[in-house]
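Structural characterization, general
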Amino acid sequence: MLEPAMIEIERLSLWYADKRALNDISMTIPKQRITAFIGPSGCGKSTLLRCLNRMNDLVDGVRIEGVIRIGGTDIHDAGLDVTELRKRVGMVFQKSNPFPKSIFENVAYGPRILGVRSRADLDGIVERSLRAAALWEEVSDRLHDTALGLSGGQQQRLCIARAIAVEPDVLLMDEPCSALDPIATAKIEELMLELRSSYTIVIVTHNMQQAARVSDDTGFLLLGDLVEFGATRGIFTNPGDKRTEDYITGRFG
Amino acid sequence: MAIAFQVRRIPLDRTRTARRLLVDRWAARVVTGGGLVIIASILAIVGVIALEIVPLFRPARAGRVGEPIAVGSPVLLAAVDEYRDAMYAVTPAGRIEIRGLSGHGAVTHDVAGLNGAGVTTAAVAGGGRHLLGTSDGRVISLEMKFDVTFEDGRRRIVPSPQFAEPVAVDPDGRRAVTRVAGAFPDGGPVIVAEVSPPRLVLVAVVQRKALIGPGTKEETRQDLPLSDDGAINALALDGRGDDLFVGTTRGRIVRYDLRDRANPVRVEAVDATTAGSAVTVLGFLNGDRTLVVGDAAGGVSTWQLLPGPGGGAPRLTRLNDFEPHAAAITAMSPSRRDKGFVTSDTAGVVRLHYGTTGQTLLTLPGHAGSVRAVTFAPKADGVVAVDATGRATHWDVDNPHPEVTMKALFAKVWYEGYGEPTYVWQSTGGTDDFEAKLSLTPLVFGTLKGTLYALLFAVPIALLAALYVSEFMHPSLRATVKPAVEIMAALPSVVLGFLAGLWLAPVIEAVLPGLVLFGPVFALGILVTLFLWRRVPAARRLRPGVEALALVPVAAIAGWFAFTLGGILEAWLLGGDYRGWLGSALGLGFDQRNSVVVGIAMGFAVIPIIFTIAEDSLTNVPQHLRAGSLALGATRWQTAVRIVLPTASPGIFSAIMIGFGRAVGETMIVLMATGNTPVMDWNIFSGFRALSANIAVELPEAPEQGTLFRVLFLAAFLLFCFTFTVNTVAELVRLRLRRRYQGL
Amino acid sequence: MKTSLRRLFRSGEPYVWLAGGALALALSMVVILVAVILVNALGFFWPRAVMQATLRDGTVVAGQVVDREGAAGGPIVRVKLKVANRDLTSADFVWIDDSAITARAYPPEIVVVERTEWGPLIGVVKEVRERGAPVATGAAAAAALDARLPAAARLRRDVRAVETGAIGDVNRKQEQLRLALKGLEKRGASARADVEAAQRELAKLDEEYKAAESRLIELRSRGTAAVVVATAAGKDKEVPLAQVVGVYRPNAMSTPAKVWHYATRVWEFVSDDPRESNTEGGVFPAIFGTVMMVMIMSVIVAPLGVVAAFYLREYAKQGAMVSAVRIAVNNLAGVPSIVFGVFGVGFFIYAVGGTIDRWFYAESLPAPTFGTGGILWASLTLALLTIPVVIVATEEGLAAIPRSTREGSLALGATKFETTLRVVLPAVMPSVLTGLILAMARAAGEVAPLMLTGVVKLAPSLPLDGLPPFLHLERKFMHLGFHIYDVGFQSPNVDAARPMVFATTLLLLVIVVLLNLFAIQLRSRLRRRYRTTAL
């Protein structure tokens, strides 16, 4: 890990009401690489991801301890507003969630919120974002059609385009391919690898092959504990923990 | 592929972010505040309505005004003017003492025409007139006028007593008049006076018919027959001068019929007091129909002339007893606006009663000394009592709604002119002395009657139709039938009411026997159709689930057949006039706008509501339950009745409840399709008056803040509470059902 | 046979059919209702032929057959004729036994004259007069009449323009000045100059009034022509052309002419003012009042309903309290409309309106301005009545928007308000619209609360006109639903008014049903759309 750290997590714990969901997690995620969180359902990997852009704030009764720094800034710092954080830390959800608007408006939504008004600027941003999300060729002739008419894979790529339109530093992806067929999945994975040069990507996946295919680093979570974290190749070929090995080899429940 | 564009960062503008956050915070406040206000004001409806009702049940209040005013000597009579500016009293010395009620101003007038005699007795004789009996056997009529002038914007009143020519009761002019009563009907004045030694003299104008030309009028003077009922202690004569009541020391009331002025008759004598204590005070309530009796033991009761049981001559009947005084009653004074009155006693207690409700409302505070005269102010907003030492006490009375009590609204009340206590709604009448009859019971009854007949009609049709649509109907048809029924629910009730009143009512009147036959004929028609259906080879039958469509023409044919048959049967069995038959054989009256019409019209409004909710809950029964039953070999009917129906029964219950709530509150249909008479019988061929229609008819005419106005608000409040409760219960049942389905 | 019957019953098929029968009955009732309204309403405008019947006793009656009666399915026993001529004979309608008619004829020269007063006149044109002198008689009279009718109509329009325009204008100004004077006089000496100015103004207005009046007299004097119609009963009736609204000869009309006449009558119905205490003419003020009231209500109910729904679903902390409020609001939709009317009377009219009057219209007291029923109070009452509909529909729409859509926006750095405004609101708009249309449909058909809060049988002026402040919220108004109730049940001549009421009913029904269909359509499209999103 020679690259400079993008995200530093120190002794992070999280409770849903009285239930502890994350347990004393510390890790450092390097810049411009793809980091994957893996683990069985309910292990806390999505919760951890949602801590990074404070989406958990929306859930009632959540309590967090510990420090998360992104680009050196404490994200729970009183001086930092959550909207500012989320502008820097984009997110793509498990289920594609385009707004019931046109394709153009979906992508332009973030920049508009941030105060970009000029039509030319918006046109540029939309085109660049859609190109970056490898969707431009498919939709350039129907930018003003409703986004709900796109296929599942296209919708998910649109959501990626929408996320990168506000030029975040970090892109969080919460099982982005779980609802997609293999061909669409492959396209998204290819896209992730292309985006790696510009963004720090954190992906949650339950699909170990995907983690192995796209990620540089992998963290394995189990019941709220970070069991192991390190270079993907190392984790998959030579896991340091018995539990990791059990999970990877499919001996896990 | 490399990133094919130059990254031009979108700047993160801190001030802009701060502004956005501010907007966000304010928006949250505005939406929360606004939402709360809107919801609170929606829910405040019930509060506002309740606020209008509260004064109805506020007890009467009274407070003394100022210090007692010295009139100077014992008085025979006291009265106040309309605006309670001044009071006046008549003293035995023949003076009229006028005092400003504010404590300022004192004027004394002499009674005209006394010629040195003294005033021995005084009485109120209706129309604002007083009768004064003199020590030399004459009766003088006094009317007090107050002329109002304005000086520098302030009202000043100038009293001017008006006297009529004295009437000599004792032609010799020697014996004093000890009691007097009088009336001034159109035919000429009637005066009854007791002169000592005990003689009861009637002075009246008698009309003598002449053979030619106008009849002659002649003043007669005659003695009324006395018997041993005891010494005369009180007199009361009604405003028409027809009935004279004499209270005696033995506690009896003797009634004389003076209708024939030339031949007065002693009609009856009744024991009016307990333990035979003397009757000390007699007086009429406003309208001169109810007699108030006060006795030496302090008892106060009201009496009325009512036909005896099973008809016959009217007899004096006791209506109500009021809270008794501890000492002998000395005076009473009626309200001139309603059926209230005040009584006073020798211990100085003054009480306020209300005749219709039989309730003693109030004991006026802070007065001592035997009361000689008491008067209820003309606007019923004050009382003045004068005691034996000539001190006058003045009270403010705040009693805007004396006629309303829980009993008056919901229980039987004995109204004037009614043979027994009953429920009556009659809010306004033609005359000033009308007794408001504000029983909500007939209206509640009417509402329930209309609702019952509507539900009797609607529930079976709606539920069967819902069962059919959800269980047996072909899905493609269902997609069109459901919106059709929804549209049916949206029909304005004024349209239904109009059709019911102007089209359906005459039609039903014409074909009622056929309508009665329609049910069985239609059922038979369905069976016949089913038989024919089964004869058709299976391959050529229509697909299952469209039976209902096939039955529409059957309904038409059954209708035609039933109406024809009804006409024939009516002619054959009922002598061609079913209405006459209903009256003679069943004792039922028939109105054209009756409960059948309302039942059908309101049923029409309720069917879609019950249908929609019931159909929803039936359709939402999980499919696997049906599959399980059918897999066991049950028929589709068995599955529907034994599995689906019980599972959905809470939903069906709430459907009926909501239909019930809608029918209860329906206004236009009942307004237009019934005669709106507030009768109480279950006869399906008669009309009724519902709470809702009553509000619609009477509220525009009700004076703001008046008793009727508030009672109508109470009616609305009842409707609100009723429907709100019913709907809430239904909604809770439905929520529970939904949770149950999720568990299945 | 018996066993097969028992088996049939055990299978339950008869009961299924019985249930189907119930549905068939319900549907038949709808069909009958619609048919009754359609037949009665649409037939009203058709120029029916005038039958001239000679009776056995030698009398001749002429009238339009409007009803037939007989034993069910049997022959016609008697017919109902609209003989009109209310001012000559006492009744508009007569029932005639079929057997009493010895001869029937349909003379083409019979005319039906629609008048501004006394209803139609049926007879034969005998002559046309100018200033009492005959100018054309017999066959020529018909042509002379037709030639003069357009001028008479123009004159009537002019007279009306002066009446409502110039004279109404002066009246209004006088009233305003008088109120101002009253206010000034209260101030006493300090306003003496203003008082004098106002009085001078009043005097000027008086002159204006006189000028307008003399113009009116002059205009009226121009209407000199009259038509004399001989009725079947043998009486002659002279009708000044100023009173003639229209003349047609139903027996001589070809079918296209009848259709054209029908169309003009329908147009007159929807565009004209009522005549003869609402039993004739058109219902334009009622249509206008209904539309206006519904519009004002929508303007009020839409934002309030949306804000309340957004609060309940987006901003309030979900819990038992909010659920209770939600149930309460839902149930308010089931509270009888008359209760809302009572609330409107107690709160809007007397509490709020009374206060406004005391504060701002003290000069005109005790005559109330806002302290009595008016279109604003009626609209507010109906807004309250229908707000649950909008809230429920909006909330339903909000519930259908997936949580992930909101998260998507938040994850881009949007604030909650930005998310609500830019993502949620546009997405929920169709639901709001559906709720609003349903609310409008309900409001358009509602009558009971309006009877208490400001609807009248005949409003002198519309709530919207060319005089400042243009929108007169305090004015009373007419309403189609109330029109039905009033004309159908309160009018002295219900028989004559009945077809008119049916026509109004049809109109109201069409409005309400169209609105509902629109809402149902919108909702089903909406549901389909969310279904595709869910994929």
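In this text the structure is predicted, and so the values were computed from the model without any measurement.

1. What about the overall build of chain B?
Along the backbone of chain B there are 13 helices and 32 strands. Seen along its three principal axes, the alpha-carbon backbone of chain B occupies a region of about 125 × 95 × 50 Å. Counting the 744 residues in chain B, one finds 52% classified as buried. When the accessible surface of chain B is totalled, it reaches about 31900 Å², and 59% of it is carbon and sulfur. Charged side chains of chain B number 69 positive and 62 negative; the gap between the two group centres comes to 14 Å.

2. Let's talk about the sheet that holds strand E6 (residues 106-110) of chain B
All names here are of chain B. Pairing is antiparallel across the open sheet formed by four strands, whose spatial order is E3-E4-E5-E6. Both outer strands of the open sheet, strand E3 (77-80) and E6, are each paired with one neighbouring strand and no more. Averaged over all adjacent pairs, the angle separating strand axes in this sheet is 20 degrees, with direction ignored. The pairing of strand E5 (residues 95-100) with E6 spans five bridges and is antiparallel. Note on E6: the bridge partner recorded for Ile-96 is His-109.

3. Digging into the pattern of salt bridges
Residue and element names in this part refer to chain B. Within this structure, the stated rule accounts for 65 salt bridges over all chains. Of the charged contacts in the structure, one is a salt bridge between Asp-242 and Arg-240, with a shortest N-O distance of 3.5 Å. Accessibility expressed as a relative area gives 17% for Asp-242, which makes it buried. Where Arg-255 meets Glu-268, a salt bridge forms, and the shortest distance between an N and an O atom there is 2.9 Å.

4. Some points on the interface of chain C and chain A
At the interface, 21 residues of chain C touch 25 residues of chain A. Between chain C and chain A, a total of about 1900 Å² is buried, with carbon and sulfur atoms accounting for 62% of that surface. Area buried by chain C at its contact with chain A is led by Ala-411, Leu-412 and Arg-422 of chain C, which between them contribute 33% of it. Taken together, the links from chain C to chain A amount to one salt bridge. Ionic pairing is found between Arg-50 of chain A and Glu-407 of chain C, a salt bridge with its closest N-O pair at 2.7 Å. At the boundary of chain C with chain A, the tally comes to four residue pairs in polar contact (both at pLDDT 80 or more). Taken together, the elements giving at least two residues each to the side of chain C that touches chain A come down to helix H10 (403-411), helix H11 (416-445) and helix H14 (494-534) of chain C. Residue contributions to the side of chain C that touches chain A peak at eight residues, all from H10 of chain C. Looking at side-chain class alone, the side of chain C that touches chain A contains seven nonpolar, eight polar and six charged residues.

5. What to know about the pairing of strand E23 (residues 314-322) of chain B
Residue and element names in this part refer to chain B. Summarising the sheet, strand E22 (residues 300-307) and E23 pair through eight bridges and their orientation is antiparallel. In the sheet register, Pro-307 faces E23, and the bridge partner there is Pro-314. Taking the residues between adjacent antiparallel strands as the criterion, E22 and E23 are bridged by six residues, where Gly-310 takes a positive phi near 70 degrees.

6. Section: the confidence of the model for chain B
Mean pLDDT for chain B: 85, with 95% of residues reaching 70 or above. Across residues 1-8 of chain B, confidence stays below pLDDT 50; counting only partners more than four residues off in sequence or on other chains, it has eleven contacts.

7. Considering the nonpolar core
With 223 residues, the main nonpolar core has Ile-695 of chain B together with Leu-23 of chain C as its most contacted residues. Once you skip the residues sitting within four places of it in the chain, Leu-23 of chain C turns out to touch Ala-465, Tyr-468, Val-469, Met-473, Val-481, Ala-548 and Phe-611 of chain B. Judged by nonpolar contacts, the second largest core, of 49 residues, contains Leu-122, Trp-136, Cys-159 and Leu-222 of chain A.

8. A word on the interface of chain C and chain B
Facing 86 residues of chain C, the contacting portion of chain B comprises 91 residues. Around 7900 Å² of area is buried between chain C and chain B when both sides are counted, 83% of it from carbon and sulfur atoms. On the chain C side of the contact with chain B, Trp-17, Leu-23 and Phe-489 of chain C bury the most area, a combined 10% of that side's loss. At the boundary of chain C with chain B, the tally comes to two salt bridges.

9. Some points on the packing of helix H1 (residues 14-53) of chain B against helix H13 (residues 707-743) of chain B
Residues and elements named next belong to chain B. In contact at an axis separation of 8 Å, H1 and H13 are set at 145 degrees when each is read in the N-to-C sense. Relative to H13, H1 is oriented so that their crossing is left-handed. Where H1 approaches H13, its residues Ile-45, Val-46, Ile-49, Ala-50, Glu-52 and Ile-53 are matched on the opposing element by Phe-709, Arg-710, Phe-713, Leu-714, Phe-717 and Phe-720. For the contact of H1 with H13, the per-class residue count stands at ten nonpolar, no polar and two charged.

10. Here's the deal with the domain arrangement of chain B
Residues and elements named next belong to chain B. Split into domains, chain B comes out as domain 1 (61-181 + 225-405) and domain 2 (441-743). Distance between the C-alpha centres of domain 1 and domain 2: 60 Å. Each side of the interface is counted separately: domain 1 has four residues, and domain 2 has five residues. When the two sides are added together, the surface that domain 1 and domain 2 hide from each other amounts to roughly 280 Å², 61% of it contributed by carbon and sulfur. Sorting the residues of domain 1 by area buried against domain 2 places His-401, Glu-403 and Val-404 first, and these three jointly supply 97% of that buried surface. The interface formed by domain 1 and domain 2 holds zero salt bridges in total. Across the domain 1-domain 2 interface, the total number found is two residue pairs in polar contact (both at pLDDT 80 or more). Of the residues contributing to the side of domain 1 that touches domain 2, the split by class is two nonpolar, one polar and one charged.

The rules behind each value
Counting from 1, residues in each chain are numbered in the order their sequence is written. Chain A is the first chain written and ligand 1 is the first ligand written, with later ones labelled in order. This being a predicted model, a pLDDT of at least 70 is required before a residue's local features are given, and a value of 80 or more before pairs of side-chain atoms are given or counted; all residues contribute to the totals for chains, interfaces and linings. Hydrogens and waters are ignored; side-chain quantities use all the structure's heavy atoms. A run of H or I in DSSP becomes a helix once it reaches four residues, and a run of E becomes a strand once it reaches two; helices and strands are each numbered from the N terminus. Relative accessibility under 20% of the residue-type maximum defines a buried residue, over 50% an exposed one, and the middle range a partly exposed one, all with a 1.4 Å probe and only protein chains included. Note on areas: Shrake-Rupley, 1.4 Å probe, and residue coverage restricted to the protein chains presented here. Counting rule for charge: Lys and Arg are taken as positive, Asp and Glu as negative, and neither His nor the chain ends is counted. A charged residue contributes its charge at one atom only: NZ of Lys, CZ of Arg, CG of Asp or CD of Glu. Two strands form a pair only when DSSP identifies at least two bridges running between them. Axes here refer to lines fitted to C-alpha atoms; in helices the fit is confined to the stretch in contact. Angles between the N-to-C directions go from 0 to 180 degrees. The term salt bridge refers to a pairing of a side-chain nitrogen on Lys or Arg with a carboxyl oxygen on Asp or Glu at a separation within 4 Å. The contact criterion used is simple: two residues touch if any of their non-hydrogen atoms lie within 4.5 Å. Defined in terms of a 1.4 Å probe, buried area is the accessible area two parts forfeit on being brought together, summed over both. Any N or O atom pair separated by 3.5 Å or less is treated as a polar contact, with the protein-specific requirement of one donor-capable and one acceptor-capable atom, and with residues adjacent in sequence counted only for side-chain atom pairs. Residues are grouped as follows: Ala, Val, Leu, Ile, Met, Phe, Trp, Tyr, Cys and Pro are nonpolar; Asp, Glu, Lys and Arg are charged; every other residue, Gly included, is polar. What pLDDT expresses is the predictor's confidence in each residue, scored from 0 to 100. Take the buried Ala, Val, Leu, Ile, Met, Phe, Trp, Tyr and Cys residues and link them wherever side-chain atoms come within 4.5 Å; each set so joined is a nonpolar core. Note: crossing handedness is left-handed where the near helix turns anticlockwise from the far helix by less than a right angle, and right-handed where it turns clockwise. Source of the domain bounds: an automatic or database domain assignment.

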